[in-house]
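Structural overview for review
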Amino acid sequence: MTIHPTLEDILNPDRPTAQRHDDGRAGSQRRFRLSAEPQAGDEPGDGLGGGVGDEALGAATDAEDEGTTEATGAGEKMPTVWSGRRRYLLVILFLLGVFQAVMALVMSFAVDSLLGMPAQVNAALNAGTAPDGSALDPAAAAEAGTYIPWLQLSILVVAVLSIFGARWGERVVGEDLGQDYVYELRRKLIGTTLAGSGNASLGVTITRASNDLTAVRNWVSQGIVPLMTSLPLIVVVLGVLAISNWQVGLAVGVPIVLLGLAVPPMAKATFVRARYLRRRRGRMSARIADTVRAGESIQAAGGVNRELNALDRDSGKVVNAAVARARITGLVRASAITAASLATAAVVVLGTLGLIDTAGVASAMTLVGVMSAPLGDLGRVVEYRQNYKAARRIQAPLLAQAEVLRQAEKDREEHWKDVERDRSSTGRHGLRIRRMVVQGQRVPMLQAAAGDVIHIQSHDPGRIQPFLLNLLAGQNTGAEPGQPTPALDMLVDGYDYTLAPGRQRRKLLGHASVRVPLERGTVSRAIAYRNPKATEEQTREAFARVGLDRVLSQFPKGAQTRIKNGGQPLTGSQVARLKLGRALLEDPPLLVLDGIDSDLDSEGIRLLRAELEDYPGVVLFTSQNPSRVAPGHRVWTVDAP
């Protein structure tokens, strides 16, 4: 038996609470600071700036899950990077790393060769003395001029240009790899939100789709990429150095090995700081989004300064957390650069002690110089990895939910052809709803025949919206803890709505709500949204039914006028008509109108009443003035009997 996700399965459980901070004093304001010294009135955990230990970074916030998989970032599974065309990109990156290592060795050998015989010949010509101490013929030396080793120089130039091309290609391929991965994740994350996580804060949703995905992209394109290219380069170079001259190999390898040993503890501290910073950013984004949406109320209550002060406190915590993270990430990067500098210094010491000649010093320093950039990249890998782990803690469960939703929709598509229509209890275009559970409580059975216009009521107005949400999703929310949730029985025009895939549901149900803004796109796309394959004739008919045909003729682009910000440049009444026209398209058996009349003008109300008088299906509607919408309506209450 296929188990479909319920609304509770896809609701976001991790929404941060944007707590208000208001001391009630007019004009009161607190500024963020970078020091660790506590000030009067500070909240616990504000002083992030001065501590370098893990305890200084919100220990009170994270103490309850310290040591768990949630705290350590372990256990969350993300979609594999080794998939599809990304596999070829990863192979290309590895080959680029090996190629750079080979070209670095070619550079080293070319430098060693240039500082060998050619350098000795030119030194002899300039000094007028042969290597054995005998004098050269001045005329012959002047005629010979400067000896130019074209072959070695050509090899050196080709090697330098090859490394340039490989580094350029590494950046391009790495960005392609990261963007391809994020492209896949973004669709799943937003799809999960659209599928049912409607209670998630807008700010948190934006953070997930921007900051969190940026952390993922940075890890893939600037974290995995250096591991695929820099590690082969460093390993190959160190191996060749150790074979050719163990002293040079040891001098260059020891600082790099010490860096590797120091990375794990620094990585753990980086994760703690990255995790805390992500929380603070999420809460700040949630506050900003909620504050902007409540702007009119805030302004009317004279609370602008209070909200800005509260935002300052959240912003200050973000700044402090970011600076605290920079301390440890800066230490990691500095350690990586210092490892390259120590390797250079060690090579110079070997030359000073006479253990290697000048040519050996130059060739070894050439290799160290080539490795300096990859070592610096590896220093940033730690930061990218820990930021990724902090984001993964939130994204992985959502991505798992997205996979459950995708599979459930796929199952519904595959099995829909086997679903039989049974009109014995509903009749043509009728409706039956049984065993629906809303917020843990059963609702009465609803039976309606074609032509019924039903006003939805409740003694608790807050239950109407959850009921509509369950109705549209064709799912029950959970019953009381420990109590089983019954299977919803919902027949629309004889079809089991709970088994219908999305493409069939839009044929069975039309929905228009005053609370839901329009998506971006053209007006023509908006009205035909339920049927993307609607013909021009069907679209024109839909416009005419709600009186928008005359309105659109006044716009320069007509039906191709683009709408944004929920409906601009249309007026509120025109937006309501557009929503109504979309819901009425092709007369679905079930029409759900959620307060749409509150935004309609008198002409819109007249058109709505005319449509409902002889609508061929069942109409469920909410309204503050139901008699104005449908004088002969029937009343049904959500409340349990």
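Worth saying up front: this structure is predicted, and the values here are computed from it rather than measured. For every chain, the first residue of the written sequence is number 1, and numbering continues from 1 onward in sequence order. Reporting of local features is limited, given that this is a predicted model, to residues whose pLDDT is at least 70; pairs of side-chain atoms are given and counted only at 80 or more, and all residues count toward the totals for whole chains, interfaces and linings. To get the side-chain values, all heavy atoms of the structure are used, and hydrogens and water are removed first.

1. Looking at the pattern of salt bridges
Put simply, a salt bridge is a Lys or Arg side-chain nitrogen that is within 4 Å of an Asp or Glu carboxyl oxygen. Per the counting criterion, the structure on display carries 30 salt bridges. A salt bridge links E536 to R540; the shortest N-O distance between them is 3.7 Å. Of this pair, E536 and R540 both sit in helix α16 (residues 536–545), four residues apart, which is roughly one turn of the helix. R540 matches E536 in its accessibility class, with the two residues each being exposed. Each member of the salt-bridge network shares a partner with another, and the members are R85, R86, D176, D180, E184 and K188. Only DSSP runs of H or I covering at least 4 residues are called helices, and only runs of E covering at least 2 are called strands; the numbering of each starts at the N terminus. Buried, partly exposed and exposed residues are distinguished by accessible area as a fraction of the type maximum, computed with a 1.4 Å probe on protein chains only: under 20%, between the cut-offs, and over 50%, respectively.

2. A few points about the pairing of strand β11 (residues 590–594)
Moving residue by residue along a regular strand, the side chains alternate between the two faces of the sheet. Of all five residues in β11, five are buried; the element is thus mostly enclosed. In terms of strand pairing, strand β8 (residues 509–513) meets β11 through five bridges, oriented parallel. In the sheet register, H511 faces β11, and the bridge partner there is V592. Note on pairing: two strands pair once DSSP finds at least 2 bridges between them. Pairing of β11 with strand β12 (residues 618–622), which is carried by five bridges, proceeds in the parallel orientation. Bridged to L593 within β12 is F621. Note on handedness: a crossover is taken as right-handed if, strands pointing away from the viewer, the path from the first strand over the helix to the second is clockwise. With helix α19 (residues 602–613) bridging β11 and the parallel β12, this β-α-β connection has right-handed handedness.

3. Quick word on the sheet that holds strand β13 (residues 634–637)
One open sheet accounts for five strands, arranged β8-β11-β12-β5-β13; its pairing is parallel. Only two strands of the sheet have a single neighbouring strand rather than two, namely β8 and β13. Going from strand to strand, the sheet's axes swing by 20° on average, the running direction of each strand aside. Bridge count between strand β5 (residues 453–457) and β13: four bridges; the pairing is parallel. Paired with I456 across the bridge in β13 is W636. Here, two residues are considered to be in contact whenever any of their heavy atoms come within 4.5 Å of each other. All axes here are fitted lines through C-alpha atoms, helices being fitted over the stretch that makes contact, and every angle between N-to-C directions spans 0 to 180 degrees. Together, β5, β8, β11, β12 and β13 form the strand contacts of helix α13 (residues 464–473), whose direction differs from that of β11 by roughly 150°.

4. A short note on the pairing of β12
In terms of residue burial, β12 counts as a mostly covered element, since five of its five residues are buried. In this structure, β5 lies alongside β12, joined through three bridges in parallel fashion. Looking at the pairing, H455 lines up with F621 of β12.

5. Considering the sheet that holds strand β7 (residues 495–496)
Spatially, β4-β1-β6-β7 is the arrangement adopted by the four strands of the open sheet, whose pairing is antiparallel. Looking along the sheet, the strands with just one partner apiece sit at the ends: β4 (446–448) and β7. Relative to strand β6 (residues 489–492), strand β1 (residues 431–434) runs antiparallel, the two being bridged by four bridges. Residue pairing in the sheet places I433 in a bridge with M490 of β6.

6. Some points on the environment of A324
Mapped onto the secondary structure, A324 falls in helix α11 (residues 304–352). Separated by 54 residues in sequence, A324 and T270 have C-alpha atoms that sit 9.3 Å apart.

7. Some points on the packing of helix α18 (residues 572–584) against α19
Packed helix pairs are characterised by how far apart their axes lie and by the angle those axes make with each other. Interaxial distance between α18 and α19 falls to 11 Å at its minimum, and their mutual angle equals 15°. The angle between α18 and α19 falls in the class roughly parallel. For the crossing formed where α18 meets α19, the hand is left-handed. Judged by residue contacts, R577, L580 and L584 of α18 engage E603, G604, L607, L608 and E611 from α19. In this classification, the charged set is Asp, Glu, Lys and Arg, the nonpolar set is Ala, Val, Leu, Ile, Met, Phe, Trp, Tyr, Cys and Pro, and all remaining amino acids, among them Gly, are polar. Per-class residue counts for the contact of α18 with α19 are four nonpolar, one polar and three charged. Oblique is the label for any angle not under 35 degrees, not over 145, and not in the 65 to 115 range, which are roughly parallel, roughly antiparallel and roughly perpendicular in turn. Here a crossing is called left-handed whenever its near helix is offset anticlockwise from the far helix by less than a right angle, and right-handed whenever the offset is clockwise.

8. Topic: the nonpolar core
Taken as a class, soluble globular proteins show a tendency for nonpolar side chains to be buried jointly. Put simply, buried Ala, Val, Leu, Ile, Met, Phe, Trp, Tyr and Cys residues joined by side-chain atoms within 4.5 Å make one nonpolar core. In this structure, M78, L177, V216, V220, I234, V252 and M371 are the most contacted members of the largest nonpolar core, which totals 62 residues. Elements supplying a minimum of two residues to this core: α4 (86–114), α7 (150–195), α8 (202–244), α9 (246–293), α11 and α12 (358–415). No other element matches the 15 residues that α12 contributes to this core. By size, the runner-up hydrophobic cluster in this structure holds 35 residues, among which are A512, L518, A576 and L580.

9. Focus on the packing of aromatic side chains
A pair of aromatic rings is counted whenever rings of Phe, Tyr or Trp (Trp by its six-membered ring) have centres within 6.5 Å, and the orientation is called stacked for planes under 30 degrees apart, edge-to-face for over 60 and tilted otherwise. Going through the model one piece at a time under the given rule, you end up with three aromatic pairs. Arranged with centres 5.9 Å apart and planes meeting at 25°, the rings of W219 and Y388 form a pair that is stacked. On the criterion of sequence distance, the pair formed by W219 in helix α8 and Y388 in helix α12 is long-range, its members being 169 residues apart. The two residues W219 and Y388 agree in class, both being buried. Summarising the aromatic geometry, the rings of F467 and W636 are spaced 5.3 Å apart at their centres and angled 45° between planes, so their arrangement reads as tilted. Taken together, the positions of F467 in helix α13 and W636 in strand β13 put the pair 169 residues apart, joining distant regions of the chain. Take F467: its relative accessible area is 0%, and that puts it in the buried class. Taking NZ or CZ as reference, K389 lies 4.8 Å from the ring centre of F271, over its face. Look at NZ for Lys and CZ for Arg. If either is within 6 Å of the ring centre and within 35 degrees of the ring normal, a charge sits over the ring. One Lys or Arg, R505, reaches over the ring of Y497 and ends 4.7 Å from the middle of that ring.

10. Points about α18
To estimate the expected span of a helix, subtract one from its residue number and multiply by 1.5 Å. Here α18 contains 13 residues, and its C-alpha end-to-end distance of 18 Å stays within 8% of the 18 Å for a straight helix at 1.5 Å per residue. With twelve of 13 residues buried, α18 is to be regarded as a mostly interior element. Buried within α18 we find S573, Q574, V575, A576, R577, L578, K579, L580, G581, R582, A583 and L584. Following α18 by one or two positions, E586 adopts a phi angle in the positive range, close to 65°.

11. Quick word on the side chain of R287
As for its placement among the helices and strands, R287 is situated in helix α9. For R287, the side chain forms a polar contact with the side chain of D314, separated by 2.4 Å. Polar contact is the term for a pair of N or O atoms within 3.5 Å; when the atoms are in protein, one must be able to donate a hydrogen and the other to accept it, and sequence-neighboring residues count only if both atoms are side-chain atoms.

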